[in-house]
Amino acid sequence: ILNVEQSPQSLHVQEGDSTNFTCSFPSSNFYALHWYRWETAKSPEALFVMTLNGDEKKKGRISATLNTKEGYSYLYIKGSQPEDSATYLCAPRRGGADGLTFGKGTHLIIQP
Amino acid sequence: DTAVSQTPKYLVTQMGNDKSIKCEQNLGHDTMYWYKQDSKKFLKIMFSYNNKELIINETVPNRFSPKSPDKAHLNLHINSLELGDSAVYFCASSQRGGWTEAFFGQGTRLTVV
């Protein structure tokens, strides 16, 4: 079982503010790192799949960076909106057939 | 067209019963998974199947048995249901290789009474 740590566990942010949170994972045998967004009463939806050290990906106001040597990834949200409220999950993979081992997530609440 | 579909969406059953949850994907993926959302709302992998072959079985009681009749289907059969089995179960699929995202079904809320 992979040891995946996400911090903080929960986060309250004012609408319009920017925020970021962390995913830490074992740097050995790294294969890929997935980020998912999970809204209450819905299914997780993929945000990014990252594979290369130094990779940076962006989707609208959300971006992510990856450091495979030290085993962490940051997710950034710029100008938070109420619709950004969700739990953000990261999942490192050690191999192609490896199941996604999710962290416990960062629960983000955007306050109007 | 729903990419990953699970049935039923809700399932209420008595302790001791046997039940199945069905999952189908129309994405042409070769790997399918079952996840359990536990009481603390965390998502834990139960099983991973690649090309109808079991790859991962993460310390799941043997009352849980996945069955994959073909690459597009992965059903979850649960024998002798217990109160502690109450949870939301998610099916997902992806393409082996790990560089593409997994797609999740809408979840099945199982309540054992």
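Residues numbered from 1 in each chain as written. Chains lettered and ligands numbered in written order. Predicted model: local features only at pLDDT ≥ 70, side-chain atom pairs only at ≥ 80, totals over all residues. Heavy atoms only, no water.

1. What to know about the interface of chain B and chain A
Taken residue by residue, the interface counts 24 residues in chain B and 21 residues in chain A. In total, chain B and chain A occlude about 1,800 Å² of area from one another, counting both sides; carbon and sulfur atoms represent 64% of this. Inspection of the region where chain B meets chain A yields 0 salt bridges. Counting only elements with at least two residues in the side of chain B that touches chain A, the list comes to β4 (31-37), β5 (43-50), β6 (53-57) and β9 (87-94) of chain B. Partitioned by chemical class, the residues of the side of chain B that touches chain A number 11 nonpolar, 9 polar and 4 charged. (Contact = heavy atoms within 4.5 Å. Buried area = accessible area lost by both parts, 1.4 Å probe. Salt bridge = Lys/Arg side-chain N within 4 Å of Asp/Glu carboxyl O. Helix = DSSP H or I, 4+ residues; strand = E, 2+ residues; numbered from the N terminus. Nonpolar A, V, L, I, M, F, W, Y, C, P; charged D, E, K, R; others polar.)

2. A word on the packing of aromatic side chains
Taken as a whole and judged by the stated rule, the model has 14 aromatic pairs over all chains. With a centroid separation of 5.1 Å and 45 degrees between ring planes, the pair formed by Tyr72 of chain A and Tyr74 of chain A is classed as tilted. Tyr72 of chain A sits in the partly exposed class, given a relative accessible area of 23%. By way of ring pairs, the aromatic residues Tyr36, Trp38 and Phe102 of chain A together with Tyr33, Tyr35, Phe90 and Phe104 of chain B are connected into one cluster. The residue whose ring lies beneath Lys59 of chain A is Phe48 of chain A, and the NZ or CZ to ring-centre distance is 6.0 Å. (Phe/Tyr/Trp six-rings, centres within 6.5 Å; stacked < 30°, edge-to-face > 60°. Buried < 20%, exposed > 50% of the residue type's maximum accessible area, 1.4 Å probe, protein only. Lys NZ or Arg CZ within 6 Å of the ring centre and 35° of its normal.)

3. What about the side chain of Thr87 of chain A?
Residue and element names in this part refer to chain A. Within the fold, Thr87 resides in strand β9 (residues 86-93). A polar side-chain atom of Thr87 sits 3.1 Å from a polar atom in the side chain of His107. If sequence neighbours within four positions are ignored, Thr87 has contacts with Tyr36, Arg37, Trp38, Gly105, Thr106 and His107. (Polar contact = N/O pair within 3.5 Å; in protein donor to acceptor, adjacent residues only side chain to side chain.)

4. What to know about the nonpolar core
Judged by nonpolar contacts, the single largest core of 22 residues is most densely connected at Phe21, Trp35, Phe48, Leu75, Tyr88 and Leu108 of chain A. Secondary-structure elements contributing two or more residues to this core are β2 (10-14), β3 (19-24), β4 (32-38), β5 (45-50), β7 (62-67), β8 (72-77), β9 and β10 (106-111) of chain A. In contact with Leu75 of chain A, other than residues within four places in its own chain, are Thr19, Asn20, Phe21, Trp35, Leu47, Phe48, Ile62, Ser63, Ala64 and Tyr88 of chain A. Trp34, Met46, Tyr49 and Leu110 of chain B belong to the second-largest nonpolar core, a separate cluster that totals 20 residues. (Core = buried A, V, L, I, M, F, W, Y, C linked by side-chain atoms within 4.5 Å.)

5. Considering the state of the cysteines
Residues and elements named next belong to chain A. Across all of its chains, the model carries 2 disulfides over all chains by this definition. Across a sulfur-sulfur distance of 1.9 Å, Cys23 and Cys90 are joined as a disulfide pair. Taking the sign of the S-S torsion, about 75 degrees here, the bridge from Cys23 to Cys90 comes out right-handed. Here Cys90 lies in strand β9 and Cys23 lies in strand β3, a separation of 67 residues in the sequence. Using a relative accessible area of 0% as the deciding quantity, one classes Cys23 as buried. Residue class for Cys90 comes out buried when judged on its relative accessible area of 0%. (Disulfide = S-S within 2.5 Å.)

6. Focus on the side chain of Thr22 of chain A
Residue and element names in this part refer to chain A. Structurally, Thr22 is set in strand β3. Relative accessible area serves as the criterion here: at 18%, Thr22 is assigned to the buried category. Residues contacting Thr22, with those up to four places away along its chain left out, are Glu5, Gln6, Ser7, Trp35, Ser73 and Tyr74.

7. A closer look at the layout of surface pockets
Of the volumes computed, that of the second largest pocket is approximately 180 Å³. Lining the second largest pocket are 15 residues, with Ser43, Pro44 and Glu45 of chain A together with Phe103 and Phe104 of chain B positioned closest to its centre. Taken together, the elements giving at least two residues each to the lining of the second largest pocket come down to β4 and β5 of chain A together with β10 (103-104) of chain B. Its residues placed into classes, the lining of the second largest pocket shows 8 nonpolar, 2 polar and 5 charged. (1 Å grid on protein atoms, 1.4 Å probe; cavity = no way out; pocket = protein on both sides within 12 Å on 5 of 7 lines; lining within 4 Å. Points joined across faces, edges and corners; volume = space filled by probe spheres on them.)

8. Structural notes on the sheet that holds β9 of chain A
Residue and element names in this part refer to chain A. On the basis of which strands lie adjacent, the open sheet formed by 5 strands has the order β2-β10-β9-β4-β5 and mixed pairing. Since the sheet does not close on itself, it has two edges, and those belong to β2 and β5, each with one partner. Each strand of the sheet is rotated relative to its neighbour by a mean of 20 degrees, with strand direction disregarded. Two strands pair when backbone bridges link them, and β2 and β10 are joined in this way by 5 bridges, in the parallel orientation. Bridge pairing links Ser10 to His107 in β10. (Pairing = 2+ DSSP bridges. Axes fitted to C-alpha atoms, helices over the stretch in contact; angles between N-to-C directions.)

Such coordinate-based values are descriptive only and should not be taken to indicate function.
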